[in-house]
Amino acid sequence: MFLLVGILLGAGCCSVWAWWVVPASSTPSRRRRRVRRFLDRAELYHVSLAQFVAAVLACGLVAAAVAALVTATPMVCLVAALAASVSPLWYVSARARKLEAVRAAQWPDAIDAMLSAIRAGIALPEALAGLAHAGPPALAPHMAQFSADLRALGTFGPALDRLKTRLSDPVADRVIEALRCAHDVGGSDLGVLLVQLSALLRQNQRTRGELLARQSWTVNGARLAAAAPWIVLVLLCVQPESAQAYQTSAGALVIAGGAVLTVVAYRIMRACGTLPSPKRTFSAEVHR
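Residues numbered from 1 in each chain as written. Predicted model: local features only at pLDDT ≥ 70, side-chain atom pairs only at ≥ 80, totals over all residues. Heavy atoms only, no water.

Engineer: Just to check I follow, could you spell out the packing of aromatic side chains for this structure?
Structural biologist: Pairs of aromatic rings are described using the distance from one ring centre to the other and the angle between the two planes. Applying the stated criterion across every chain yields a total of 2 aromatic pairs. With a centroid separation of 6.5 Å and an interplanar angle of 70°, the aromatic rings of Phe 38 and Phe 52 are classed as edge-to-face. With Phe 38 in helix α2 (residues 26-41) and Phe 52 in helix α3 (residues 49-70), this residue pair connects regions lying 14 residues apart in the sequence. Ring centres of Phe 146 and Phe 156 lie 6.0 Å apart, and the angle between their planes is 85°; on these two criteria the pair is classed as edge-to-face. One end of the pair, Phe 146, is in helix α7 (residues 140-153); the other, Phe 156, is in helix α8 (residues 156-167), and 10 residues separate them in sequence. Under the relative-accessibility criterion, Phe 146 is labelled buried at 0%. Overall, the relative accessible area of 6% leaves Phe 156 in the buried class. (Phe/Tyr/Trp six-rings, centres within 6.5 Å; stacked < 30°, edge-to-face > 60°. Helix = DSSP H or I, 4+ residues; strand = E, 2+ residues; numbered from the N terminus. Buried < 20%, exposed > 50% of the residue type's maximum accessible area, 1.4 Å probe, protein only.)

Listed below in structure tokens is the structure:
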């Protein structure tokens, strides 16, 4: 059975290596761009794709080694390796959601700061670039890069496109497109637009916060229900007498079936209890 686990882990490593190294048509490049956008959403710009793949493999191998030392059950080692390999994906996804929530909560304050600058006679591009110094902390680095793009490109539209690509979240898309429309159309209603936009964003955040607070117990219950059987299994496999029962083919089949059922049940509970994420209606990818 340990030989089977080694073969499966080796096959997985070879598959990842082949996906990364072997050149092919447009499919691998699309995958790499998708992973790069996934990392950029979490503001992990310094993490390369090779480092991310290495982290996935390292987590799986370390978890398999620890499980082998603790339980000495091959199928438990395999399940632990697969679960730990997904942990970097969970971390990046959770980090991206947290950053998006923080930025969404700070956009109304950023719009208020822009409104004050515009009323003081500053143009809209300069007011947006000024958020690098006078804006909320979560948006300041992105606005600093926008200011650099604005100086380098000299035009407002392409600099906004780069800002939208870096932020990559629905709230930023709506704000940026509203600012683009206000800049292109012009007129004396810019202040009214910014006031209404700030009030709308605050109302959306307040409503979404109430829904998240009410549904958080469902998500936490799903996580607890998914983890509890495996904690019990690890405690059982620590005992040599109990571990022998899971080292047979029937025991391995039970663990494999339990893993499949856990994933399916967890996905169903998450689908029922998680608030749907807003869609990026103004993303460039949507119109392709």
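Moving on from the coordinates now.
Engineer: Just checking my understanding: could you explain the nonpolar core for this structure?
Structural biologist: One recurring pattern in soluble globular proteins is that nonpolar side chains are buried together. By size, the foremost hydrophobic cluster in this structure holds 34 residues, and its most contacted members are Trp 107, Leu 128, Met 143, Phe 146, Leu 163 and Val 175. Going through the elements one at a time, α4 (74-119), α5 (124-129), α6 (131-134), α7, α8, α9 (170-185) and α10 (190-238) are the ones with two or more residues in this core. At 8 residues, α4 tops the list of elements feeding residues into this core. With near-sequence residues (within four places) excluded, Met 143 lies in contact with Trp 107, Leu 128, Ala 129, Leu 131, Ala 132 and Leu 163. By size, the runner-up hydrophobic cluster in this structure holds 11 residues, among which are Leu 78, Cys 237, Ala 243 and Ala 252. (Core = buried A, V, L, I, M, F, W, Y, C linked by side-chain atoms within 4.5 Å. Contact = heavy atoms within 4.5 Å.)

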